[in-house]
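Structural overview for review
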Amino acid sequence: MTRIRALAVVGTLTVAAIVLVTVTLVRDTQTGGVLADDCKPGQIPVNLIMPDEAGVNINVYNATHTQGLAAKIKSEFQSRNFNVAKAEGEMKDGQLVYYPDDVAILRYGPKAVAAAHLVQAYFLNEAKTQFDLKREDDAVDVVLGGNFKQLATPTEMRQAVAILGRPEAPNGTCELKAAS
């Protein structure tokens, strides 16, 4: 008789748990991310979770006098699993542009904040960053300058990421918090 009572209690608790889970899932109104409490009107939410290399889209531009450098670095980024769409000379108003005093310049928008943070580590944190609040794509433009020597090794990159720390939301943006 005690076994039957124990099975009845366990069965009742199981049915109650199933009903509770079903009701909770049906009435759930969360549809995605939740904005951080400190987002102000007009701020653009940005995802600051560091992607892996396969989740980063890059365009490589050569702003040096070294012929074929963009194609070479495109190949190196691809061997590190980045998605590289373009490799060409840096142009402005139809003219090639040179940046002899820079290692690199990283241009990106709100959708690529964390990606640019990762790419920065491949330049040992020596690349200049240019954030464009109005940019709508998720690519990071890598403009190679005259002081560029080589991309960091995987070990050097991880050390540079540790030094950089966590990505921060640029001016005009706020962190998008994932729903938990």
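It should be noted that the structure appears before, not after, this text.
Residues numbered from 1 in each chain as written. Predicted model: local features only at pLDDT ≥ 70, side-chain atom pairs only at ≥ 80, totals over all residues. Heavy atoms only, no water.

1. Remarks on the sheet that holds strand β3 (residues 57-62)
So the rule is basically this: A pair of strands counts as paired when DSSP detects no fewer than two bridges linking them. Put simply, DSSP H or I for four residues or longer makes a helix, DSSP E for two residues or longer makes a strand, and each gets a number counted from the N terminus. With axes taken as lines fitted to C-alpha atoms, and helix axes fitted only over the stretch in contact, angles between N-to-C directions fall between 0 and 180 degrees.
Strand order in the open sheet made by the five strands is β4-β3-β9-β7-β8, with mixed pairing throughout. Pairing within the sheet leaves two strands with one partner each, and these edge strands are β4 (83-89) and β8 (128-131). Neighbouring strand axes in the sheet, compared pairwise and without regard to direction, differ in orientation by 20° on average. Where β3 lies against strand β9 (residues 139-144), six bridges are found, and the strand directions are parallel. Bridging from a neighbouring strand, I58 pairs with V140 of β9.

2. Points about the packing of helix α3 (residues 113-121) against helix α4 (residues 154-164)
To describe two helices that pack against each other, one gives the angle between their axes and the distance between the axes. Which entries qualify depends on this criterion: By definition in this entry, angles of less than 35 degrees are roughly parallel, angles greater than 145 are roughly antiparallel, angles of 65 to 115 are roughly perpendicular, and the rest are oblique. For a crossing to be left-handed, the near helix must be turned anticlockwise from the far one by less than a right angle; the clockwise case is right-handed. Should any heavy atoms of two residues lie within 4.5 Å, those residues are counted as being in contact. Three classes are used: nonpolar for Ala, Val, Leu, Ile, Met, Phe, Trp, Tyr, Cys and Pro, charged for Asp, Glu, Lys and Arg, and polar for all others, with Gly counted as polar.
Two elements in contact, α3 and α4, have axes whose closest approach is 8 Å; the angle formed by their N-to-C orientations is 125°. The angle between α3 and α4 places the two elements in the oblique class. The way α3 lies across α4 gives a crossing that is right-handed. Of α4, the residues touching α3 (which contributes H117, L118, Q120 and A121) are M157, A160, V161 and L164. Its residues assigned to classes, the contact of α3 with α4 shows six nonpolar, two polar and no charged.

3. Looking at the nonpolar core
To keep things clear, this is the line we draw: To define a nonpolar core, start from buried Ala, Val, Leu, Ile, Met, Phe, Trp, Tyr and Cys residues and group those joined through side-chain atoms within 4.5 Å. Exposure classes here rest on a 1.4 Å probe applied to the protein chains alone. A residue is buried below 20% of its type maximum, exposed above 50%, and partly exposed in between.
Within the largest apolar cluster, 33 residues are counted, with the highest numbers of intra-cluster contacts made by I58, F77, F82, V119, F123 and V142. At the level of secondary structure, the elements contributing two or more residues to this core comprise β3, α2 (69-79), β7 (104-108), α3, β9 and α4. Take this core: its biggest share by element is six residues, from α3. In this view, I58 contacts F77, F82, N83, V84, A85, K86, V119, V140 and V142; residues no more than four positions away in its chain are not counted.

4. Looking at the packing of aromatic side chains
Filter applied, for reference: Only centres within 6.5 Å qualify two rings of Phe, Tyr or Trp (six-membered ring in Trp) as a pair; their planes then separate them into stacked at under 30 degrees, edge-to-face at over 60, and tilted for everything else. Lysine and arginine charges are scored as sitting over a ring when NZ or CZ, respectively, is within 6 Å of the ring centre and within 35 degrees of the ring normal.
In this structure the tally under the stated criterion is six aromatic pairs. With a centroid separation of 5.6 Å and an interplanar angle of 55°, the aromatic rings of Y108 and F131 are classed as tilted. Of this pair, Y108 sits in strand β7 while F131 sits in strand β8; the two residues are 23 residues apart in sequence, bridging distant segments of the chain. Among the aromatic residues, ring-to-ring pairing joins F77, F82, Y122, F123 and F148 into one connected group. The ring centre of Y61 lies 5.9 Å from the NZ or CZ of R107, which sits over that ring.

Scope: geometric values only; no functional claims are made or implied.
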